[in-house]
Amino acid sequence: MNVGLYGDYGGRYVPETLIPALEELTRGWEAARADAGFLAELDSLLKRYVGRPTPLDEAARFAPAGKRILLKREDLCHTGAHKINNAVGQALLAGRLGKHRVVAETGAGQHGVATATVCARFGLDCVIHMGAEDMRRQRPNVDRMKLLGAEVCPVEFGTKTLKEATSEAIRDWIANVETTYYLIGSCVGPHPYPAIVRELQAVIGHEARAQAFEALGRLPGAVVACVGGGSNAIGLFAGFLEDEGVRLIGVEAEGAASLASGRPAVLHGSRSSVLADADGQILDAHSISAGLDYPGVGPEHAHLRDTGRAEYVTATDEQALAAFRRLAATEGILPALEPAHALARALDLDAETVLVGLSGRGDKDLAEVLAR
Amino acid sequence: MAGSQTPDLAAAAVAGGADLIEIGFPFSDPLADGPAIRRAAERALAEGMGTAACLDCLRRTSERVAVPLVPMTYAALLEAYGWEVFASEIENAGAESLIVADLPADERPELRRVQLVAPTSTNERIALAAERTDGWLYLVTLTGTTGARRELSPALEPLVARARRLTDVPLYAGFGISTPAHAAAAAELADGIVVGSAALAAACEGASALERFVASLRAALS
Ligand SMILES: Cc1ncc(COP(=O)(O)O)c(C=O)c1O
């Protein structure tokens, strides 16, 4: 029996050692989401700790003439990105499962910071695996994680970025599975992770839909989000999937376009669209944005692409940098380089009203942007 | 790990007393492997050991040695090659069976292979894996990735005891078995032992070093 499938994508391609933990997690998650107490606690934390609901802002000066661009301001969440929505929920789950040690991977460092933050809040031990190259280019986030009490383990081999960090986090989990909760940062990995992360991020889309209706009196023509592993995009899309008139557009980094130029392959526990060669060996991704610099993507996105419900396009490093500068100059907002990809494509999109997921703020990227 | 030296190394291992040879088909992101085998996979891929080269290596090795050959790999290679085609190609190239490190017993049950169970496996999963396995059951001695260890894992004994109650298939123990003393202790419990990282380290020093290492393990078993 194959579990956790989105069309032909998803599944559980992991060593047997992890299967009992994944089954325990599935049961724990099913019980939690049916438990009014858990949902109330999550909701309360999202309000008073994360700062939800986040506003829906309008970028009138950023938008080209004749177009309205709305920004879902996840950059205003505690810790500065949408990653905390997922981290809070999974940390509560870790507590319910009786785990005291949390392990996670991080690329841009935003998921690492979010995880270190909730671990500090709930008194959990926290170990973050991060590629050495990402530690260099996202230095402020490394310092933040350490100040929050996390141990940051550099990954010095292979690409030294998110792909290897994820592999090392999974190996850590394999070795310590009896005591450790793996707090995955995007809607990737073996079942049930893609489903858990999607559901915890769906708050973005549900809020945005109601707010857009209030602001516009109708739904936007298009909803745009950047796609690394795909968690902020799937969370935003979740609010609009049933609204057939709303176009859903995911924006990948051109050098990390798992959906636009990948093929079906198995990576990090699931089958999805992946940058891989004809033998299934995983190829290196390249992006200025550490959070998009990943050769895989969540299985649900591969399915949404195949069914045609969502479209996936790419933006170059230069387009993202230009959008970063434009948002700073026109709206007084420094976006993270990841959502700068979504902003870039929102500008030239053929739609009158566009809602963009502004998934995080750009403080972490200043050195990288200034060096260009 | 498959490479240009594999036929010679396999012949040396058989001369040293090996009854079966596992041949790694390298994958770029081997989640079940520790540093030694991960690095060996990186080296093999850098030397061009894609699936076609691995199949050729398997064929040449089967012409050199008479013992069963079992490729060990990851699901990504089968996904890319085609699950059924991969299985028939390795059989044509002389493989006796197959191990897929990231394919638990309930994924792709139609693929004939040696199943793995671990100390974390429930009794239900051990029974399922034993029912579906091809010839023998691979007992992962420890909760962790591959790699040489100082001690034989204490989790092996209770795992063997549980598996014996659930199945009659032969049980081979692997992961972390590194020395003749480990081999002797593991063989008291299981029906066979699998040595990976430590054999790989010996193989790096050449065929005669590998033959001596395997002979030292063999001697410890009798
Ligand atoms: C601000 C921001 N947006 C987007 C991403 C990409 O992740 P995902 O595609 O899962 O939303 C990251 C990842 O680090 C991020 O920090």
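Here the structure is a predicted model, which is why all the values come from computation and not from measurement.

Draft legend 1. Inspection of the overall build of chain A at higher detail. Across its full length, chain A holds 14 helices and 14 strands. Dimensions of chain A, computed from C-alpha atoms along their principal axes, come out at roughly 55 × 45 × 45 Å. Per-residue burial over chain A gives 66% buried out of 372 residues. Counting contacts in chain A only where the partners sit at least 6 residues apart, residues at least 24 apart contribute 74% of the total. For chain A, the accessible area works out to roughly 12300 Å², and carbon and sulfur atoms hold 51% of it. Across chain A, 38 positive and 48 negative side-chain charges occur, with their mean positions spaced 3 Å apart.

Draft legend 2. Local environment of the pairing of strand 4 (residues 68-73) of chain A. All names here are of chain A. Strand 4 sits mainly inside the fold: five of its six residues count as buried. Taken together, the three bridges between strand 3 (residues 56-58) and strand 4 define a ladder with antiparallel strand orientation. The partner of L56 across the bridge, within strand 4, is K72. For strand 4 and strand 14 (residues 353-358), the ladder comprises six bridges, and the chain directions are parallel. Of the residues in strand 14, the one forming a bridge with K72 is G357.

Draft legend 3. Layout of the domain arrangement of chain A. All names here are of chain A. Partitioning chain A into structural domains gives domain 1 (5-44 + 83-193) and domain 2 (51-81 + 202-370). Taking only C-alpha atoms, the centre of domain 1 and the centre of domain 2 are 22 Å apart. Between domain 1 and domain 2 the total buried area reaches about 3100 Å² when both faces are included, carbon and sulfur atoms providing 58% of it. If you look at where domain 1 meets domain 2, you find one salt bridge. Salt-bridge contacts for R137 lead to D293; the nearest nitrogen and oxygen are separated by 2.6 Å. In this structure, the connection of domain 1 to domain 2 is made through 19 residue pairs in polar contact (both at pLDDT 80 or more). Those elements that provide at least two residues to the side of domain 1 that touches domain 2 are strand 2 (9-10), helix 3 (83-96), helix 4 (110-122), helix 5 (132-137), helix 6 (139-147) and helix 7 (162-175).

Draft legend 4. Structural view of the packing of aromatic side chains. Following the criterion strictly, the structure yields ten aromatic pairs over all chains and no others. Note on B:W136 and B:Y172: the rings are 4.3 Å apart at their centroids and 20° apart in plane angle, and the pair reads as stacked. Linking B:W136 in the loop between helix 6 (123-132) and strand 5 (137-140) with B:Y172 in strand 6 (residues 171-174), this pair joins segments that are 36 residues apart in sequence. Take B:Y172: its relative accessible area is 23%, and that puts it in the partly exposed class. Here B:Y138 and B:F175 contribute two aromatic rings whose centre-to-centre distance is 6.0 Å and whose plane-to-plane angle is 90°, an arrangement assigned as edge-to-face. With a gap of 37 residues between them, B:Y138 in strand 5 and B:F175 in the loop between strand 6 and helix 8 (180-189) connect regions that are remote in the sequence. Note on accessibility: B:Y138 and B:F175 belong to one class, buried. The structure contains a cluster of three or more aromatic residues connected by ring pairs, namely B:W136, B:Y138, B:Y172 and B:F175. The side chain of A:R121 reaches across the aromatic face of A:Y49, ending 4.2 Å from its centre.

Draft legend 5. Main features of the interface of chain A and chain B. In this assembly, 34 residues from chain A lie in contact with 36 residues from chain B. Together chain A and chain B conceal approximately 2900 Å² of surface at their shared face, both sides included; 51% is due to carbon and sulfur atoms. Together, A:Y13, A:E16 and A:R171 form the three largest contributors to the area buried by chain A at its contact with chain B, with a combined 23%. At the surface where chain A touches chain B, the tally comes to four salt bridges.

Draft legend 6. Region of interest: the sheet that holds strand 8 (residues 180-182) of chain A. Residue and element names in this part refer to chain A. Ordered in space as 7-6-5-8, the four strands form an open sheet in which the pairing is parallel. Each edge of the open sheet is held by one strand with a lone partner, namely strand 7 (151-155) and strand 8. For this sheet, the mean angle separating the axes of adjacent strands, direction not counted, is 25°. As paired elements, strand 5 (residues 101-106) and strand 6 (residues 125-131) share six bridges and run parallel to each other.

Draft legend 7. Molecular detail of the packing of helix 1 (residues 19-33) of chain A against helix 8 (residues 193-216) of chain A. All names here are of chain A. At a closest axis distance of 10 Å, the pairing of helix 1 and helix 8 adopts a crossing angle of 30°. On the basis of their axis angle, the class for helix 1 and helix 8 is roughly parallel. In the crossing of helix 1 with helix 8, the sense of the turn from one axis to the other is left-handed. Taking contact as the criterion, the partners of L22, L25, W29 and R33 in helix 1 are, on helix 8, Y193, I196, E199 and L200. A class-by-class count of the residues in the contact of helix 1 with helix 8 yields six nonpolar, no polar and two charged.

Draft legend 8. Up close: the site of the ligand. Residues and elements named next belong to chain A. Around the ligand, the structure places 17 residues, and the nearest of them are S186, G228, G230, S231 and S359. Take S231: an N or O atom from its side chain is 2.7 Å from an oxygen atom of the ligand. At 2.8 Å, a side-chain N or O of N232 approaches an oxygen atom of the ligand. Within the complex, 97% of the 390 Å² of free accessible area of the ligand lies under protein. Each residue belonging to the shell around the ligand can be placed in one class, and the counts come to four nonpolar, eleven polar and two charged. Each of two domains, domain 1 (5-44 + 83-193) and domain 2 (51-81 + 202-370), supplies a minimum of three residues to the shell around the ligand.

How each quantity is defined
Residues numbered from 1 in each chain as written. Chains lettered and ligands numbered in written order. Predicted model: local features only at pLDDT ≥ 70, side-chain atom pairs only at ≥ 80, totals over all residues. Heavy atoms only, no water. Helix = DSSP H or I, 4+ residues; strand = E, 2+ residues; numbered from the N terminus. Buried < 20%, exposed > 50% of the residue type's maximum accessible area, 1.4 Å probe, protein only. Contact = heavy atoms within 4.5 Å. Areas by Shrake-Rupley, 256 points an atom, 1.4 Å probe, with all protein chains shown as cover. Lys, Arg positive; Asp, Glu negative; His and termini not counted. Charge placed at Lys NZ, Arg CZ, Asp CG, Glu CD. Pairing = 2+ DSSP bridges. Domains from an automatic or database assignment. Buried area = accessible area lost by both parts, 1.4 Å probe. Salt bridge = Lys/Arg side-chain N within 4 Å of Asp/Glu carboxyl O. Polar contact = N/O pair within 3.5 Å; in protein donor to acceptor, adjacent residues only side chain to side chain. Phe/Tyr/Trp six-rings, centres within 6.5 Å; stacked < 30°, edge-to-face > 60°. Lys NZ or Arg CZ within 6 Å of the ring centre and 35° of its normal. Axes fitted to C-alpha atoms, helices over the stretch in contact; angles between N-to-C directions. Parallel < 35°, antiparallel > 145°, perpendicular 65-115°, else oblique. Left-handed = near helix turned anticlockwise from the far one by under 90°. Nonpolar A, V, L, I, M, F, W, Y, C, P; charged D, E, K, R; others polar. Near = heavy atom within 4 Å.

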